[in-house]
Amino acid sequence: MIKSALSMLILAAVADYSLAANLIERDGRYEVNWTTGKVRFYGVGTIHDGDENFRAAEQRAWADGLRAAEMHLPKVMSGRLGFVDRTSADTVSKLAAATVSVSTSYFGDRRVKVLLEAPLQKVTPQLTTATSPATLSGGNAEPVVIRLAKGAKPAAFVRIVDDQGKELVNGNHLASSVHNGGTMPRWFRSKIDGDAAVAPNKLSVISGTSTERGVIKVNASDWKPAFSAAVATGAASFVVE
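Residues numbered from 1 in each chain as written. Predicted model: local features only at pLDDT ≥ 70, side-chain atom pairs only at ≥ 80, totals over all residues. Heavy atoms only, no water.

## Side note on the overall build of the protein
So, point 1. Along the backbone of the protein there are four helices and 13 strands.
So, point 2. In the protein, which comprises 241 residues, the proportion classed as buried is 47%.
So, point 3. On the protein, roughly 11,800 Å² of surface is accessible, and the fraction owed to carbon and sulfur atoms is 49%. (Helix = DSSP H or I, 4+ residues; strand = E, 2+ residues; numbered from the N terminus. Buried < 20%, exposed > 50% of the residue type's maximum accessible area, 1.4 Å probe, protein only. Areas by Shrake-Rupley, 256 points an atom, 1.4 Å probe, with all protein chains shown as cover.)

Below you can see the structure in the form of structure tokens.
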């Protein structure tokens, strides 16, 4: 309940900040939305002569999309997991129960296309080996927005260090938290063209740099121990200018 409330707080506050645009990466038929924490993909089916309605073709399209996603998502996510230990999985499973339909399109050549969506949290546990309990200090989480320069790339699990080289957040600990039901931090793309220094109410805003996907550096003087807990509980967000 607390984790959920913190996540809602930061999402609402960032939205009020008017800087929140969805940060989306596309890779073939896959669309990773780092703001919603979901991946979209599609499947295609064909209407057969003996079909009484569109339902059978829709089911074929679902099966096509799920089958392809189970094979392709390990590769799609391999460079996007961040600073975390990985498994050698070349397929993922357990997607069907978590997948929902976003839309269905029908074409004159008898094809049916379904756009599907599944949470990344059903995918990442199968691709990482982080199973040990998180060991994050700082007590209660304090919501924080970490601003990153243009060109920074999102990752599922980040390692955060300060300018003295001290590790503040460990990617494996973050993965363990997510695997145990925690919320992944959200990533946004900034829509601000002018002054982006105004902080939303009740939120701290700090700046960081990221020259390697999954690794973020911040100034030690800007960091609070409670920010580590914020990252682990989904009460932190990253905004790429």
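## What to know about the nonpolar core
So, point 1. The biggest cluster of nonpolar side chains holds 53 residues, and the ones touching the most others in it are L73, I160, W187 and W223.
So, point 2. Residue contacts for W223: discarding those within four places in its chain leaves I146, I160, L168, V169, I206, V218, S228 and V231. (Core = buried A, V, L, I, M, F, W, Y, C linked by side-chain atoms within 4.5 Å. Contact = heavy atoms within 4.5 Å.)

## A short note on helix α4 (residues 225-233)
So, point 1. Here α4 lies mainly inside the structure; eight of its nine residues are buried.
So, point 2. For α4, the complete set of buried residues consists of A226, F227, S228, A229, A230, V231, A232 and T233.

## Some remarks on the confidence of the model for the protein
So, point 1. The pLDDT averaged across the protein works out to 86; a share of 83% of its residues lies at or above 70.
So, point 2. When the criterion is pLDDT under 50, residues 1-9 qualifies, and its contacts beyond four places in sequence or with other chains add up to 11 contacts. (pLDDT = per-residue confidence, 0-100.)

## A closer look at the pattern of salt bridges
So, point 1. Scanning all chains against the criterion turns up 15 salt bridges.
So, point 2. One salt bridge connects E117 with R40, and the closest N-O pair in it is separated by 2.8 Å. Here the residue E117 occupies a position in strand β6 (residues 111-119), and R40 occupies one in strand β4 (residues 38-46), the gap between them amounting to 77 residues.
So, point 3. What makes E117 buried here is its relative accessible area of 13%.
So, point 4. Residue class for R40 comes out partly exposed when judged on its relative accessible area of 28%.
So, point 5. Here D64 makes a salt bridge to R67, at a shortest N to O gap of 3.9 Å. Note that D64 and R67 are positioned in helix α2 (residues 55-78) at a spacing of three residues, about one turn of the helix.
So, point 6. Residue class for R67 comes out partly exposed when judged on its relative accessible area of 47%. (Salt bridge = Lys/Arg side-chain N within 4 Å of Asp/Glu carboxyl O.)

## Looking at the sheet that holds strand β3 (residues 30-33)
The strands making up a sheet are joined through hydrogen bonds of the backbone, oriented either antiparallel or parallel.
So, point 1. In space, the five strands of this open sheet follow the order β2-β3-β4-β6-β5, with antiparallel pairing throughout. Because the sheet does not close on itself, it has two edges, and the strands there are β2 (24-27) and β5 (100-106). For this sheet, the mean inter-axis angle between neighbouring strands, taken without regard to orientation, is 20°.
So, point 2. Summarising the sheet, β4 and β6 pair through nine bridges and their orientation is antiparallel. Bridging across to β6, F41 finds its partner in L116.
So, point 3. Sheet contacts for α2: β2, β3, β4, β5 and β6; angle to β4, the most-contacted strand, approximately 135°. (Pairing = 2+ DSSP bridges. Axes fitted to C-alpha atoms, helices over the stretch in contact; angles between N-to-C directions.)

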